[in-house]
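Observations on the model geometry
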Amino acid sequence: MSGGSVSTTYLELSQDDGTAHKFYEVTVDALVVTVRYGRIGASGQTQATAFPSADKARAAAAKKVGEKVRKGYAPAVPGQRAPRAVTRRQVTSAPSTARAVAPVLWRFGTGSAAFGIHVDDEHCWVGNQAGDVYTLGHDGQVLARFNLPDGVKCLVADDFWIYAGCDDGKVYDLSSKLPFAAYDIAADVDIFWLDIHEGVLDVSDRDGKLTVIDHEDEHQWSRRSQGDHAWMVRADDRAVYHGHQRGVTAYAPDGGGELWHTPTRGGVLFGWQEDDTVYAGTAHRVVQRLSKASGAIEATYACDSAVYACATSPGGRFVFAGDAASSVYCFDQDGTRLWKLGTGGGSALSMQYRDERLYLVTTDGSLVCVDASEAAVSAAQQGTVPVARDVKLAEALPAYAPATTASAVTAVAQAPTGSIVVQCVQDSGRLRVHVVSEGYDSSWNVQFPRAIREPGARYVVDALHPAAGGFYRVRGDIRRLL
């Protein structure tokens, strides 16, 4: 506590097993109570509330501190604990040696280095190191913007749910209008890459460890692979595929053990998967295709520089790669190089192919749409390319930030007809969410924003969508039921 009319209480929750690494600070200045919170070492988020009297302000502050102490927070001194380890991917980007430039249709500059990309039937998603995630139409029109608290490591999809893995250790669900933290990764995990399959989160990290977390944010199992700097993790029903400096290792989904390990030609820098194969882009200028069943290397795709990203057309008919020299490649499935073109603006750090278009996220922070049709590429090789359109960000574009407290959620007196009501309940020492609407089984699990859970609170949601594994995901707006 500090003297004078201003008093501050600073608390931290930093458990030995690494499952929490957070601070909570309450400051009382006359009639105003200011709360600041977040991960240790970060500036965090701030909320201020004014009260009618100094006594009520002090009482409100004492209540907030008491609630946190009961949850395990303890008084601490700011700066004594080290912040969460965060590794920014260090990359270089040389000019392309290709004689021709790719036929770029449009380009959108996000304003910061970007790694995350996802393209579906309706939208293109891109996330950058500043914590911005943009949604665009396939024509390049910017439709929405999400402001997340920290840099975006990657974007992953699980059916039609979209998640952003961030440097703050949280994984945010972007499928609703308002993003929310669906997973909170242990503080001792220096996140490199993520994948989500049927609600199960797989995390690869700097030390070459693989951590698996279920939809209720509970640790399931972890394994340390033979190499560190694990930039690849992909998952399906049969295995989790972990790529690191010494190759690719496949583990049983239930943590039962290693299924196979295959050394690759160089450390793995990126991974992709199809139904029966996984693809590893490596530092030694190749993409290698591995059998999911045995780990055997089935084909090698040779590039001219370290491979930062790779992707395929459906079924692996064509294999694409982006290297450290601002070039993009296309190969036949047997390994024959079909073409190499310059990106026209940095090296591709992530990529995805869809409907004869190749979408790239480059080292200059741009999302680039390339016409990958045979006719367009043939014309580009002859020196004829379209004039790339520079997409501009509309000034009035809405921006959505995660809800962090229950007070940030709209309150309603009663649930509208046909809506779904969920309730927060204590279950085996954890605060869980159950569906309590008529016609629903109260034993169903719901993946629900963790930051706004309060014991006994009821919430109205627009829709719950069934997912594999016997749980439901929230989709749509969330309101608190008074």
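As for the sheet that holds strand 22 (residues 258–262)
Sheets are built from strands that pair by backbone hydrogen bonding, the pairs being arranged parallel or antiparallel. The 4 strands are arranged 19-20-21-22 in an open sheet whose pairing can be described as antiparallel. At either margin of the open sheet sits one strand with a lone partner, and together these are strand 19 (232–235) and strand 22. When the angles between neighbouring strand axes are averaged without regard to direction, this sheet yields 15°. Direction of pairing for strand 20 (residues 240–244) relative to strand 21 (residues 247–251): antiparallel, over a ladder of 5 bridges. For H242, the partnering residue across the bridge sits in strand 21 and is T249.

Notes on the state of the cysteines
Evaluated as defined, the whole model comprises 0 disulfides. C154 takes part in no disulfide bond, and the closest cysteine sulfur, belonging to C166, lies 9.0 Å away. A residue is classified by how much of its surface remains accessible, and C166, at 1% relative accessible area, is buried.

Details of the side chain of T282
With respect to the helices and strands, T282 occurs in strand 24 (residues 277–282). Judged by its relative accessible area of 0%, T282 falls in the buried class. From its side chain, T282 meets the backbone nitrogen of H284 in a polar contact 3.2 Å long. Excluding residues within four positions of it along the chain, T282 makes contact with T264, R265, G266, G267, V268, L269, A306 and V307.

Observations concerning the sheet that holds strand 10 (residues 142–147)
In space, the 5 strands of this open sheet follow the order 7-8-9-10-35, with mixed pairing throughout. Where the open sheet ends on each side, the last strands, each with one partner, are strand 7 (114–119) and strand 35 (399–400). In terms of strand pairing, strand 8 (residues 123–128) meets strand 9 (residues 132–137) through 5 bridges, oriented antiparallel. Looking at strand 9, one finds that C124 is bridged to L136.

Details of the environment of D167
In this fold, D167 is placed in the loop between strand 12 (161–166) and strand 13 (170–173). Accessibility expressed as a relative area gives 4% for D167, which makes it buried. Between the C-alpha atoms of D167 and V86, which are 81 residues apart in sequence, the distance is 6.3 Å. Side chain to side chain, D167 and K153 meet in a polar contact 2.5 Å long.

Re helix 2 (residues 374–381)
Taken together, the buried positions of helix 2 are A376, V377 and A380. For helix 2, the buried positions fall inside an angular range of 95° around the axis, keeping them on one side. Projecting away from the buried face of helix 2 at angles above 90 degrees are the exposed residues E374 and A375. Remark: G383 follows helix 2 within two positions and exhibits a positive phi of approximately 95°.

Quick word on unusual backbone geometry
If you check the backbone angles, D217 has positive phi at about 65° while not being a glycine. Relative to the elements of secondary structure, D217 occurs in the loop between strand 17 (209–213) and strand 18 (219–224). Overall, D217 belongs to the buried group, its relative accessible area being 13%. Of note in the backbone geometry, D355 takes a positive phi value of approximately 50° without being a glycine. Within the fold, D355 resides in the loop between strand 31 (348–354) and strand 32 (357–362).

Rules used in this analysis
The numbering scheme is per chain: residues are counted from 1 as the chain's sequence reads. Given that this is a predicted model, residues contribute local features only at a pLDDT of at least 70 and side-chain atom pairs are listed and counted only at 80 or more, while totals for whole chains, interfaces and linings are drawn from all residues. Side-chain metrics in this entry use all non-hydrogen atoms of the structure; hydrogen atoms and water are not considered. By definition, two strands form a pair when at least two bridges between them are found by DSSP. Helical segments are the DSSP runs of H or I of at least four residues, strand segments are the runs of E of at least two, and each set is numbered from the N terminus. Every angle, taken between N-to-C directions, lies between 0 and 180 degrees, and every axis is a line fitted to C-alpha atoms, over only the stretch in contact when it is a helix. Disulfide: a pair of cysteine sulfur atoms within 2.5 Å of each other. Relative accessible area decides the class of each residue, using a 1.4 Å probe on protein chains only: under 20% of the type maximum gives buried, over 50% gives exposed, and in between gives partly exposed. Nitrogen and oxygen atoms within 3.5 Å of one another constitute a polar contact, given that in protein one can donate a hydrogen and the other can accept it, and given that sequence-neighbouring residues count only through two side-chain atoms. Contact definition: two residues touch when any of their heavy atoms are within 4.5 Å. By arc we mean the arc of the directions from the helix axis to the C-beta atoms, nothing more.

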